[in-house]
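# Structure at a glance
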Amino acid sequence: MCSFIRTLLFLASWLCLPPAMSQNSVVVSGVVADKQGNPLPFVTVSVEHTTTGTYTDERGIYSLRVHPGEMTLVVSAVGYKTLKRSSVIRQNETQDFVLEEDAILLKSVEVYGKSQTQKMRESALALNALDVKPVINSLNSLNDLVSRSTGINVREEGGVGSDFDLSINGLSGNSVRYFLDGVPLDSKGSGVTLANLPVNIIDRVEIYKGVVPASLGTDALGGAVNIVTKTEQRNYLDASYSIASYHTHRADLNAQLTERHTGLIVRPTIGVNYSKNDYRMKDVQMRDETGDNFVYGNPKRFHDAYFSLLAQIEAGVKNRSWADELFLSASYSKTDKELQTGSVQTKVYGAAERNAESWNLSARYRKRNLFVKGMDLNLALSQTFDHSVTLDTAYRKYYWDGDYIVSQRNEIRGSERSIRHYKRPLTIVRANMDYHLNSRHGFNLNYQANRTGNNRYDDLDRTFAPSNDAVTKHILGLTYSQSLFDERMQNVFFVKDYVNHTDIRQTDQSSVTGSDKVQGSVTKNHVGYGAGMRYKFLEPMAVKVSYERSVRLPIARELLGNGTTVYANVALEPEKSHNANLTLFGTYRPAAGHTLSYEASGFLRYVDNYIQTSIIEKEGMLQYVNAPAVHIKGGEGEVRYDWDNRLQVTANVSCQDARDQQEYKEDGKPSATYQNRVPNRPWLYGSAGANYTFRHLLLPGSRLTIGCSFQWVHWYFLTWEAYGNRDTKARIPSQHVCNADVVYSWGNGRYNLALECNNFLDETVYDNYKLQKPGRTFVTKFRLFIN
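Bear in mind that the values here come from a model prediction, so they are computed numbers and not experimental data.

Further remarks concern the packing of aromatic side chains. Evaluation of the coordinates by the stated rule reveals 15 aromatic pairs. An angle of 15° between the planes, with centres 6.3 Å apart, marks the rings of Y480 and F493 as stacked. Remark: F493 occurs in strand β32 (residues 489-504) and Y480 occurs in strand β31 (residues 467-484); sequence separation between them is 13 residues. Relative accessible area serves as the criterion here: at 23%, Y480 is assigned to the partly exposed category. According to the relative accessible area criterion, F493 is partly exposed, its value standing at 39%. For the pair Y744 and W746, a centre-to-centre distance of 5.5 Å together with 25° between the ring planes defines the contact as stacked. What makes Y744 buried here is its relative accessible area of 17%. Exposure remark for W746: the relative accessible area of 25% places this residue in the partly exposed category. Through pairs of rings, three or more aromatic residues link up here, namely F302, Y398 and Y404. Over the ring of Y404 we find R396, and its NZ or CZ is 4.2 Å from the ring centre. The side chain of K544 reaches across the aromatic face of F585, ending 5.2 Å from its centre.

Here is the structure:
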């Protein structure tokens, strides 16, 4: 720890150095507006006689990296006269432009530019690329955005702050890895998730399906979610506050300040979430007023409050001769969660809590053209100190009416009073070398090390045996990429090497956790590989195909439990899978201002040693176990329509068929669940949405957007089809959820007010293990953006 801090302090001393006189590149940035001062989005800003260029965002802001010297900037947009400006640029500077309308040009020419998200969608690998900017004013949680995309299903156990499970093409939970700018999201602490990450810091979300690029340095089996944060060239303040039903409050603040003399950039970020989550449960068993009889009623949740805090300060410099970027950051996260239920809603808690706090120190370094032109280096170092505590000290049995009876054991584990501590320090080292041999060929070498400790002890439970376990992963990936036939074909080939080292010391509950089978240090090695290809035929048709022989190493939560609702299983084996995707996609523009995009995909996932959750219903506990094999096949499709950046309509549907492949049990007898669909997993679902924008309504430079969305999930069984009577067995019913929102922005995007109603039909909505989610919810959000 001391050596790590000394390293950060040494790097920090560089931050006060003045800018170097010799720089590889500089940044020109500014705002493009019309004569009325309205910012113009999607304007092309380029350097004349070069391929260097960019587009303005929805606020008219552009940022362009150029080589120092004399140049001519060309600014052009549909319906406006092209503007050229020559100057000598030696250092970072701001240049604003005002464009004049050209009605004749508007009638005769229409130019289409591709955003970064569109370029990602057209890459060789199967992925969803979600742009956060168009929905930032109404978005409260990334889960809301991700769950509406093709092939993705997010299942939450309750309201704000509840655990959730994200599924990508049928593989979910820990088969999916999460990243923040290419670094595991776990580095911010165990309590930081898609649900509470401040949305103001996010530019876009990349969701890789089945085939994950080696550059992410992960062992994901089902896919990966990479959250890309915003990079602004100007100083800004982005703050928002929302209030919602069930005593819910959210506040986010994100800013950037650049010190002119030294070039030091400081970026503070704060995100706060609180909810009492006191929504009504529908038709649950509870005691009547006398306490002698059981009846069915609609009581409010009474022990489900949630609080989270993420605070981060980042400081660094850019565009030095020795570094294109060097940033140091320190963050603190805290979550306090009252526990209302176990893994099933019939297991009611009234006093148990789970609290966690984390500290993180990290550094990242980037250098372009390191030794030769085209060779880029990215380094990241992170140390996290994570401490979670589960309080389970009440000898009580609670009911949904909020009352209880005295029992002889605690609520969660049914044993002695417990204050269980888990200290899980996390160390992450990432090194990425990218080399562009030329415009057609490139190589990427990525190394990532990840070590998670597990120091566990209990303040009260005398039967609990403390231990200090550790899980270490080393992942090395090599990628070769091609761009051929004038970029009509893109190919990517990669190989990954996985090294997994476990050091298991726990011995308690060996019959449940398997600790009697695995003790001490064990190191295993695995190899994976894959490829992807994309080819563009005549517009509007293109095809891409990808494959990966993937390996997923069990994570700490699966191996070591979570101290509350998940038992350890230290004998878990890694998952291995053959993943394949085939996608047909394209964009069709039948007339000026009209854009129609489509995408249709098929996929296969053949998984060995499939890790799935096993429910111990009597105790309300879970445990991760290996199933010999599961085969998943399915298809999905999406259609997107846009008219003049005013009307947007989207619709998607996903179908996936996951089947058990264990034909015989361990005793040699036939398995009743052979070829059964995997239970408690949605297999058919879809969503649709539409919004329309009115411009300059009431105030100049204003925008009024009215939108609605619909999500549907087909019913599915809670347990295996082969067990019990098919007509009477437990099932999660079909769900139909309708949402609506109105967003008004004025002051050219400075002031934004959103009104939203989720589940406005007040449907009873279930997700994990038939745990009810909130009913009708109202949300009001105000966002202030100053640039």
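With respect to topology, four strands assemble into an open sheet ordered β3-β2-β5-β6, the strand pairing being antiparallel. The outermost strands of the open sheet, each flanked by one partner alone, are β3 (53-55) and β6 (83-89). Taken over all neighbouring pairs, the strand axes of this sheet differ in orientation by 20° on average, direction set aside. The pairing of strand β2 (residues 44-47) with strand β5 (residues 69-76) spans four bridges and is classified as antiparallel. Residue T44 lies in a different strand from β5, and its bridge partner there is S76.

Strand order in this open sheet of five strands is β9-β15-β16-β13-β14, and the pairing throughout is mixed. Only two strands of the sheet have a single partner each, and these edge strands are β9 (127-131) and β14 (183-184). Both strand β13 (residues 176-180) and β14 contribute to a ladder of two bridges, which runs antiparallel. In the sheet register, L180 faces β14, and the bridge partner there is V183.

What follows deals with unusual backbone geometry. One non-glycine residue with positive phi stands out, namely D181, at about 55°. Judged by its relative accessible area of 38%, D181 is partly exposed. With a phi close to 55°, D283 is a non-glycine residue in the positive phi region. Inspection of the secondary structure assignment puts D283 in the loop between β19 (265-275) and β20 (284-287).

How each quantity is defined
- Residues numbered from 1 in each chain as written.
- Predicted model: local features only at pLDDT ≥ 70, side-chain atom pairs only at ≥ 80, totals over all residues.
- Heavy atoms only, no water.
- Phe/Tyr/Trp six-rings, centres within 6.5 Å; stacked < 30°, edge-to-face > 60°.
- Helix = DSSP H or I, 4+ residues; strand = E, 2+ residues; numbered from the N terminus.
- Buried < 20%, exposed > 50% of the residue type's maximum accessible area, 1.4 Å probe, protein only.
- Lys NZ or Arg CZ within 6 Å of the ring centre and 35° of its normal.
- Pairing = 2+ DSSP bridges.
- Axes fitted to C-alpha atoms, helices over the stretch in contact; angles between N-to-C directions.

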